[in-house]
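# Descriptive analysis of the structure
Spelled out, the chains give:
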Amino acid sequence: MDTSVIRMDKQKLQVPDFPSIVYIEGDGVGREITPVALAVIDAAVKHAYGTTRAIGWKECLAGEKAFSSQGAYLPQDTLDAIDESLVAIKGPLTTPVGKGFRSLNVTLRQKLDLYACVRPVRYFTGVPSPVRHPELVDMVVFRENTEDIYAGIEWPQGSSEAALLRDFLEQSLNVTNIRFPESSAFGIKPVSVEGSKRLVRSAIHYALEQSRTSVTLVHKGNIMKFTEGGFLAWGYEVAKDEFGAIRNEKGHYLIERTGQKPLIVKDCICDAFLQNILIKSSDYDVVATTNLNGDYVSDALAAEVGGIGIAPGANINYLTGKAIFEATHGTAPDIAGNNSANPLSMILSGEMLLRYLGWNEAAAILIRAIELVLQDSLVTADFYRLIKQEGNDATLLGTKEFGDYLISRM
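These lines cover the structure that appears in this document, whether it is placed above or below. All of these numbers come straight from a predicted model, not from anything done at the bench.

### Focus: the overall build of the protein chain
Secondary structure assignment for the protein chain yields 13 helices and 18 strands. Over its C-alpha trace the protein chain gives a radius of gyration of 22 Å, about what one expects of a compact globule, namely 22 Å for 410 residues. Seen through its C-alpha atoms, the protein chain measures out along the principal axes to roughly 65 × 60 × 55 Å. Considering the protein chain as a whole, with its 410 residues, one finds that 52% of them fall into the buried category. When contacts within the protein chain are restricted to residue pairs at least 6 apart in sequence, long-range pairs at least 24 apart make up 72% of them. A total of about 18900 Å² of accessible surface is found on the protein chain, and carbon and sulfur atoms cover 52% of it. With 40 positive and 50 negative side-chain charges, the protein chain shows a spacing of 3 Å between the two charge centroids.

### Concerning the sheet that holds strand β12 (residues 253-257)
An order of β4-β3-β5-β16-β15-β6-β7-β14-β10-β13-β12-β11 is seen for the 12 strands of this open sheet, with the pairing classed as mixed. Only two strands of the sheet have a single partner each, and these edge strands are β4 (56-59) and β11 (246-247). Direction of pairing for strand β15 (residues 312-316) relative to strand β16 (residues 323-327): antiparallel, over a ladder of 5 bridges. Residue pairing across strands places A314 opposite F325, the latter belonging to β16. The strands that helix α8 (residues 270-279) touches are β7 (138-144), β10 (214-219), β13 (260-269) and β14 (286-289); relative to β13, the one it contacts most, it runs at about 120°.

### A few points about the pattern of salt bridges
Following the criterion strictly, the structure yields 24 salt bridges and no others. D404 is paired through a salt bridge with K400; the nearest N and O atoms lie 3.0 Å apart. One end of the pair, D404, and the other, K400, are both in helix α13 (residues 399-408), 4 residues apart, so they sit about a helical turn from each other. What makes D404 partly exposed here is its relative accessible area of 40%. Look at K400 and you get partly exposed, because its relative accessible area is 46%. Here the residues in one salt-bridge network are E25, E59 and K65, joined through shared partners.

### As for the side chain of R109
Locating R109 in the fold gives a position in helix α4 (residues 104-111). Setting aside residues no more than four positions away along its own chain, R109 makes contact with L114, R143, N145, T146, N315 and E326.

### Here we look at the environment of V218
By the secondary structure assignment, V218 is in strand β10. Of the residues examined, V218 reaches a relative accessible area of 0% and is grouped as buried. Considering only alpha carbons, one finds V218 and E228, 10 residues apart in sequence, at a separation of 8.9 Å.

### A closer look at the packing of aromatic side chains
Taken as a whole and assessed by the stated rule, the structure comprises 7 aromatic pairs. Residues F67 and Y73 carry aromatic rings whose centres are separated by 4.4 Å and whose planes lie at 15° to one another, so their mutual orientation is stacked. Taken together, the ring pairs in this structure connect F142, Y206 and Y318 into an aromatic cluster.

### Examining unusual backbone geometry
Not every positive phi belongs to a glycine, and K10 is a case in point at roughly 55°. Structurally, the position occupied by K10 is in the loop between β1 (7-9) and β2 (12-14). The class for K10 is exposed, based on a relative accessible area of 80%. Look at D148: it is not a glycine, yet its phi comes out positive at around 65°. Note that D148 resides in the loop between β7 and β8 (153-155). Accessibility expressed as a relative area gives 1% for D148, which makes it buried.

### Topic: the pairing of strand β5 (residues 87-90)
Here β5 shows two buried faces, one formed by V87 and I89 and the other by A88 and K90. Bridge count between strand β3 (residues 20-24) and β5: 3 bridges; the pairing is parallel. Looking at the pairing, I24 lines up with K90 of β5. Here 4 bridges tie β5 to β16, and the two strands are oriented parallel to one another. Note that in β16 the partner of I89 across the bridge is F325.

### Examining a negative patch on the surface
A cluster of acidic residues, D2, D77, D80 and E84, forms a negative patch at the surface. Secondary-structure assignment places E84 in helix α3 (residues 76-85).

### Focus on the environment of N276
Locating N276 in the fold gives a position in helix α8. A sequence separation of 130 residues divides N276 from L406, and the C-alpha atoms of the two residues are 34 Å apart.

### What to know about the packing of helix α6 (residues 193-209) against helix α7 (residues 228-243)
In contact at an axis separation of 9 Å, α6 and α7 are set at 50° when each is read in the N-to-C sense. One way to sum up the angle between α6 and α7 is to call them oblique. Two packed elements cross with a definite hand, and for α6 against α7 that hand is right-handed. Along the contact surface, α6 presents V193, S196, K197, L199, V200, R201, I204, H205 and L208, while α7 presents F231, W234, G235, E237, V238, A239, E242 and F243. Here the residues of the contact of α6 with α7 sort into 10 nonpolar, 3 polar and 4 charged.

Cut-off values and rules
- Residues numbered from 1 in each chain as written.
- Predicted model: local features only at pLDDT ≥ 70, side-chain atom pairs only at ≥ 80, totals over all residues.
- Heavy atoms only, no water.
- Helix = DSSP H or I, 4+ residues; strand = E, 2+ residues; numbered from the N terminus.
- Rg over C-alpha atoms; globule rule 2.2 N^0.38 Å.
- Buried < 20%, exposed > 50% of the residue type's maximum accessible area, 1.4 Å probe, protein only.
- Contact = heavy atoms within 4.5 Å.
- Areas by Shrake-Rupley, 256 points an atom, 1.4 Å probe, with all protein chains shown as cover.
- Lys, Arg positive; Asp, Glu negative; His and termini not counted.
- Charge placed at Lys NZ, Arg CZ, Asp CG, Glu CD.
- Pairing = 2+ DSSP bridges.
- Axes fitted to C-alpha atoms, helices over the stretch in contact; angles between N-to-C directions.
- Salt bridge = Lys/Arg side-chain N within 4 Å of Asp/Glu carboxyl O.
- Phe/Tyr/Trp six-rings, centres within 6.5 Å; stacked < 30°, edge-to-face > 60°.
- Patch = residues over 30% accessible without salt bridge, like charges linked within 9 Å, V, L, I, M, F, W, Y side chains within 5 Å.
- Parallel < 35°, antiparallel > 145°, perpendicular 65-115°, else oblique.
- Left-handed = near helix turned anticlockwise from the far one by under 90°.
- Nonpolar A, V, L, I, M, F, W, Y, C, P; charged D, E, K, R; others polar.

Shown next as structure tokens:
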């Protein structure tokens, strides 16, 4: 048996002291931020455990680097390697331009059934923010990853498939409210019981394990009554049937736990939620939502605490143990090669990876170093410009120099 392989046993991750973990460098700025992030993660592990633990990084290819060497943007070898190692980290990937190509990120999530996109959002002192009280933002978004509009079931206007679907809707289902049927494109939004329940279940488990205060189901069930409304209803079923939640006078559901206040499970319509995160963000903690809503919500929250340059993310299947941690921003070709990109999205995703492994001591060292560096206002170009615009002092560092200084503060 390979002693470097992470395994799943009885729905619990079994992590050896020297695990083999896949990394994908990524395109554009990925070539700069990925080596910096790996060096920072390695340093945190060394500071925490000395020589008793270390990660063995295994490079696999995807994106432009894979296409140039293997003629495929997502080689089967890469999928097989993640299948075997269970855990991976990746830089941003370019979606190839051309008919029929879909996002490589979406493809990875669907091929590996990474159903939960997990996006923690918190504020670090010293980071410029467009809101008055970014320190009140401390949420973890659980975004369903495999269904909804992102399932990609759609047909372009004028296609024979669109015409067939239009005829079926009008003639077989008596649909009369397509305003311009001849010139419409069509998309189908699948939302299932199984997909909704496993996402909400994972969010509630996370909230209980991390001693969080609430789980909010964010939805548009007032309009999409059977898809978004189904997500809401099935989410509450999980809370009641699997966790013993009891409804209180406010309409919230309470899950009792020993020695702590009950976990609150509640809901909010998505448009109201996007308003509320600006005016009363402290009301929310863990958020569970459908795919498209989660896209809006996670980026809006990231903007409050400094932007997606500092937003980590993970795509996880809590049943199989498979997980890919990733920078949540794009490839930024306009600044690629300039040693100016902010590596924090990738580094903070590495911190999530360490906690996923159960290496919490290394994760804590990494977070503390980030706090110190940002308090010192030693930052990359994106934060430097904003801090200077606010009339405050800052020191400009390149991507690699930022990583080196971060390591020095551990």
